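Structural overview
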Amino acid sequence: MIQIEPDPWRVMLAHARASYPGECCGAMLGRVTDASKLVTDALPLENVFPGPRRERYQLRSEDLLEAEREARRRGLKLIGIYHSHPDREAYFSPVDLQNSCPWYSFLVLSIRGGEFGHARCWRPDDGQTRAEEEELIGPEG
Ligand SMILES: [Zn+2]
């Protein structure tokens, strides 16, 4: 189960809307217990995919390392990555799976016509052959 607090939720939605019709991406920081993950901070990162960004995102590995350092500075963990799907459902695409890693949760935000639609969270398996949906609890419960 992954739970998202109101502040990071607002940051991610604002980032996704501002990036429309391109995809946005960023890091989710927070606390992990045995039973659940709590996202307390969101760090918007730059989508550096060199082609059209409507259907792809790419993170700089340095930005991801810096996000991990920032999480440590705040006494938190890097829980996962978020990105948006402009005018598409919040599924986990084959490309998303290929570019994922099994130790993170992947939040996908569906943005329709520039406005937030819905979100789903995914957890890739060790071989990155498939992703399981993770129960997601947004700030509205
Ligand atoms: Zn995607």
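Placed above this text is the structure.
Below: a short report on this structure. Not measured: the values here are computed from a predicted model.

**Here's the deal with the pairing of strand β6 (residues 115–124)**
Where strand β5 (residues 105–112) and β6 come together, seven bridges link them in antiparallel fashion. When the bridges of β6 are listed, Ser110 appears paired with His118. In terms of strand pairing, β6 meets strand β7 (residues 131–134) through four bridges, oriented antiparallel. Paired with Arg123 across the two strands is Glu132, which belongs to β7. The antiparallel hairpin formed by β6 and β7 contains six residues in its connecting segment, where Gln128 sits at a positive phi of about 55 degrees.

**Some points on the sheet that holds β7**
Strand order in this open sheet of eight strands is β7-β6-β5-β4-β2-β3-β1-β8, and the pairing throughout is mixed. The open sheet terminates on both sides in strands that have one partner only, identified here as β7 and β8 (136–137). Where strand β4 (residues 77–86) meets β5, seven bridges bridge the pair, whose relative direction is parallel. Each residue of the ladder has a partner; that of His85, found in β5, is Ser110. Relative to β4, helix α2 (residues 61–73) is tilted by about 135 degrees, and along the sheet it contacts β2 (25–32), β3 (37–45) and β4.

**What to know about the pattern of salt bridges**
In this structure the tally under the stated criterion is 14 salt bridges. A salt bridge links Arg60 to Asp63; the nearest nitrogen and oxygen atoms lie 2.9 Å apart. Ionic contacts of the salt-bridge type, sharing partners, join the residues Asp41, Glu66, Arg69, Glu70, Arg73 and Arg74 into one network.

**Notes on the coordination of the zinc ion**
In the first shell of the zinc ion, the protein supplies His83 (NE2), His85 (NE2), Asp96 (OD) and Asp96 (OD), at 2.0 to 2.5 Å from the metal. Relative to the metal, the four donor atoms surrounding the zinc ion lie at angles of 56 to 159 degrees, and the coordination shape comes out irregular. As a motif over one chain, the donors of the zinc ion read H-x1-H-x10-D. Taken together, the residues span a long stretch of sequence, with His83 in strand β4 and Asp96 in helix α3 (residues 94–98) at a distance of 13 residues. With relative accessibility at 0%, the residue His83 sits in the buried group. We classify Asp96 as buried; its relative accessible area is 6%.

**Regarding α2**
Taking 1.5 Å per residue as the helical rise, α2 with its 13 residues ought to reach 18 Å, and the 18 Å between its terminal C-alpha atoms agrees with that figure. Asp63, Leu64, Ala67, Glu70 and Ala71 are the residues of α2 that are buried. The arc enclosing the buried residues of α2, seen along the axis, measures out at 115 degrees, which places them on a common side. Projecting away from the buried face of α2 at angles above 90 degrees are the exposed residues Ser61, Arg72 and Arg73. Of the residues one or two after α2, Gly75 is the one with positive phi, at around 70 degrees.

**Here we look at the nonpolar core**
The biggest cluster of nonpolar side chains holds 22 residues, and the ones touching the most others in it are Ala27, Leu29, Leu59, Ile81, Phe92, Tyr104 and Phe106. Contributing elements (two or more residues each) for this core: β2, β3, α2, β4 and β5. Not counting residues within four places of it along the chain, the set of residues in contact with Leu29 comprises Leu38, Val39, Thr40, Asp41, Leu43, Ala67, Ala71, Arg74, Leu76, Lys77, Leu78 and Ile79. Judged by nonpolar contacts, the second largest core, of 17 residues, contains Met12, Leu13, Tyr82 and Ala119.

Conventions used here
Residues numbered from 1 in each chain as written. Predicted model: local features only at pLDDT ≥ 70, side-chain atom pairs only at ≥ 80, totals over all residues. Heavy atoms only, no water. Pairing = 2+ DSSP bridges. Helix = DSSP H or I, 4+ residues; strand = E, 2+ residues; numbered from the N terminus. Contact = heavy atoms within 4.5 Å. Axes fitted to C-alpha atoms, helices over the stretch in contact; angles between N-to-C directions. Salt bridge = Lys/Arg side-chain N within 4 Å of Asp/Glu carboxyl O. Donors = N, O, S within 2.8 Å, 3.2 Å for Na, K, Ca; no water. Tetrahedral: all angles 85-135°; square planar, octahedral: opposite > 155°, others 65-115°. Buried < 20%, exposed > 50% of the residue type's maximum accessible area, 1.4 Å probe, protein only. Expected span 1.5 Å × (residues − 1). Arc of directions from axis to C-beta. Core = buried A, V, L, I, M, F, W, Y, C linked by side-chain atoms within 4.5 Å.

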